[in-house]
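# Structural overview for review
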Amino acid sequence: MSVSSALQKLASYRVNNNRASQEVFKRGSIILKSGTSPRGEEGWAFLEQLALAAIDLDRLDVADVCIKQLADKFPESPRVDVLTGIRMEASESPETVLEYYQTLLQADSTNAAAWKRRISVLRNTGRIEKATEDLIQYLDTFYSDPEAWLELADIYITNRQYTSGLQALSHALILNPQNPFTFVQFAETAYTAGDLPLSLKMYLVAVDMIERDIDSPDSRPPSSLAFRAWWGVKLCSRHLVDSASASSPSNTAVPKNLKAVDELATERVLSAYKGEKLAEQRKLVEKWISLN
Amino acid sequence: MASNAVSLYLDPQIRDWVLFPITLVMSPPQKLSRNALREQRALARSQILRASAARSPLPPQLFTSISDELGEAFAAGTYLKDGPPKGDTPARPPNPLTDPSAMDGMMAGMKTQMVMMVPQMVIMGWINFFFQGFVLIKLPFPLTLGFKSMLQRGIETPDMDVRWVSSLSWYFLNFFGLNGLYRLLLGGDNAADSSKDMSATPFATTNAAPAGPQDYNKLFKAERDNLEFANGVYSWIGDGVEDRVLRRYNRLP
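Residues numbered from 1 in each chain as written. Chains lettered and ligands numbered in written order. Predicted model: local features only at pLDDT ≥ 70, side-chain atom pairs only at ≥ 80, totals over all residues.

Note the threshold: UniProt positions are given in the numbering used here, feature names are shortened, and annotations may be inferred rather than shown by experiment.
Under the annotation held in an unreviewed UniProt entry, chain B carries the name ER membrane protein complex subunit 3 and is attributed to Coprinopsis marcescibilis. As stated in UniProt under Sequence similarities (unreviewed entry), the record for chain B gives "Belongs to the EMC3 family." Entered under Subcellular location (unreviewed entry) in the UniProt record, the comment concerning chain B runs "Membrane".

If you look chain A up in an unreviewed UniProt entry, it shows as ER membrane protein complex subunit 2 from Coprinopsis marcescibilis. Turning to chain A, the UniProt record has this under Function (unreviewed entry): "Part of the endoplasmic reticulum membrane protein complex (EMC) that enables the energy-independent insertion into endoplasmic reticulum membranes of newly synthesized membrane proteins." Check the Subcellular location (unreviewed entry) section of the UniProt entry for chain A; it says "Endoplasmic reticulum membrane".

Put into structure tokens, the structure is as follows:
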């Protein structure tokens, strides 16, 4: 494996936001050992990437080498400061790390990355209440961070506070109104919260969004996320067909042509189970559907 | 590049000791406190909500809850850097021309204008004194002769390629050109926007509400009206979605 091709691969990982720590470490440490680490901007980005991958794989020695080079080059950089913090998280006690982030935040109260790391440490060490409080405060300052809204929703949902979870998710939705994944997550949360009409609508919105650009969607099985959304539609419509008077805390109306939606959902779900391999599963699903 | 045959060769020292210092001097370091940042970004919240209001991803209940919450916060001044305004501030500033004490405020505005001008003049003097006639940088794209007076101020050579930029021109380019970049990076109403000092007359700026928290208070109040308008055009993307999906599969008559 030549160094230049390895570098190219690593750069593509960075562009696509692909973590792939194993791969990054394997290729990265070859480059680091060969001593031909790239100069200039790309070189520093590479060192940061390798440091993070090395921390993931518990090769702190390699991470230290990278961070040392970065810290020598950018002594005041908040980005390197946060990287150092992540490295400390791997070996130091949570208290030490929290204190470190606290000093970073005291120096610059708008250091969003340090703030987010502190929230993550708080959550990981079980201080959920403090983490939630901190995260809400963070979002009050940096409203337009969909990642943080999703994290807040996740905290609420794992604590079974579905109404608050839905509220947090709705902020993620308006920040990313084009992202069907958020719609599916919203629908799933509404389903868990027992608001089936709302859940059904949101699943349908996701389906509508994913299949918008497909010419004749009925000619092929649903793609991965659409499949999940169709399953959601089926789950909701199945319940709603049974009990006409479904409760909806959000006052969402049940669609008039529910019957047609239910039939279409059945077809779409079954169309994904095709061929020899899936025959067994198909039988199970068919049985489940006929139980209605 | 073939055209390099008749090109100039610039001493790399010019880059390090002239180009970078001028750019650096022209870009004031910006550090905002957390509350200032929050104030600056508060408008974005309602703008984000409004952007998708006509086809909103949010069901009515959630949309109204966010919209109401924002409207109340704007009305109460929750997002203001120094907290909600005190009750005793007058609702409308009196006309400055009828109020003798307000004339002082206007003069003060002009004075600050002058004070703001001084550093700019000092910087320009510094560049003119030390780097007069320096060629700093070559633009990576060709330009017509019309740009010559803009890019090569201070150098009187009729034959030089227009792509070369002189030190004084680099100063002006930074002075006016970086503002767009600041606006992009720091949001609409940041302090680094120096073009405001130049383009507006002193009287105009004092009339257009004094800078600071009050300014934002006004913006927030205006944003409330926008929010109400957004409430009017609101519709949920989930309305009729089942029909849209069924139609795509030809299940609707």
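## As for the overall build of chain A
Where we set the bar: Numbering of helices and strands starts at the N terminus; helices are DSSP runs of H or I of at least 4 residues and strands are runs of E of at least 2. Here exposure depends only on C-beta density: within 10 Å of a residue's C-beta, 20 or more other C-beta atoms make it buried, 12 or fewer make it exposed, and intermediate numbers make it partly exposed, the C-beta atoms being placed from the backbone. We call two residues in contact when their backbone-placed C-beta atoms lie within 7 Å.
Looking only at helices and strands, one finds 15 helices and zero strands in chain A. Classification of the 292 residues of chain A by burial places 37% in the buried group. Long-range contacts, defined as pairs at least 24 residues apart, comprise 50% of the intrachain contacts of chain A with a sequence gap of at least 6.

## Side note on the overall build of chain B
If you tally the helices and strands in chain B, you get ten helices and two strands. Written out in order from the N terminus, the α and β elements of chain B read α-α-α-α-β-α-β-α-α-α-α-α. Out of the 253 residues belonging to chain B, those deemed buried represent 20%. Put simply, of all contacts in chain B between residues at least 6 apart along the chain, 67% involve residues at least 24 apart.

## Structural notes on the interface of chain B and chain A
Our working rule: Residues are sorted three ways: Asp, Glu, Lys and Arg are charged, Ala, Val, Leu, Ile, Met, Phe, Trp, Tyr, Cys and Pro are nonpolar, and all the rest, Gly among them, are polar.
Facing 27 residues of chain B, the contacting portion of chain A comprises 31 residues. Mapped by element, the contributors of at least two residues to the side of chain B that touches chain A are helix 2 (34–51), helix 3 (60–76) and helix 10 (241–248) of chain B. At eight residues, the largest contribution of residues to the side of chain B that touches chain A is made by helix 2 of chain B. In terms of residue class, the side of chain B that touches chain A is made up of 15 nonpolar, four polar and eight charged.

## Examining the packing of helix 5 (residues 78–91) of chain A against helix 7 (residues 112–124) of chain A
Residues and elements named next belong to chain A. The following threshold applies: Helix axes are fitted to C-alpha atoms over the stretch in contact, other axes to C-alpha atoms as well, and angles between N-to-C directions run from 0 to 180 degrees. Oblique is the label for every angle not falling under 35 degrees (roughly parallel), over 145 degrees (roughly antiparallel), or within 65 to 115 degrees (roughly perpendicular). We call a crossing left-handed when the near helix sits turned anticlockwise from the far one by less than a right angle, and right-handed when that turn is clockwise.
It is the contact of helix 5 with helix 7, at a shortest axis distance of 9 Å, that shows an interaxial angle of 15°. If you check the angle between helix 5 and helix 7, you find them roughly parallel. Crossing of helix 5 against helix 7: the hand is right-handed. Between helix 5 and helix 7, the residues in contact are Pro78, Asp81, Val82, Gly85, Ile86 and Glu89 and Ala113, Ala114, Arg117 and Val121, respectively. Looking at the contact of helix 5 with helix 7, its residues break down into six nonpolar, one polar and three charged.

## Describing the UniProt feature "transmembrane region" (unreviewed entry) in chain B
Residues given the UniProt feature "transmembrane region" (unreviewed entry) here are residues 115–137 and 168–186 of chain B. Taken end to end, residues 115–137 of chain B is 74% helix and 13% strand, and its two terminal C-alpha atoms sit 31 Å from one another.

## Examining the environment of B:Ser46
All names here are of chain B. Structurally, serine 46 is set in helix 2. With 23 C-beta atoms packed within 10 Å, serine 46 lands in the buried category. Distance in space between the C-alpha atoms of serine 46 and leucine 227 is 7.0 Å, their sequence separation being 181 residues. Look past the residues within four positions of serine 46 in its chain and what remains in contact with it is Leu70, Glu223, Asn226 and Leu227.

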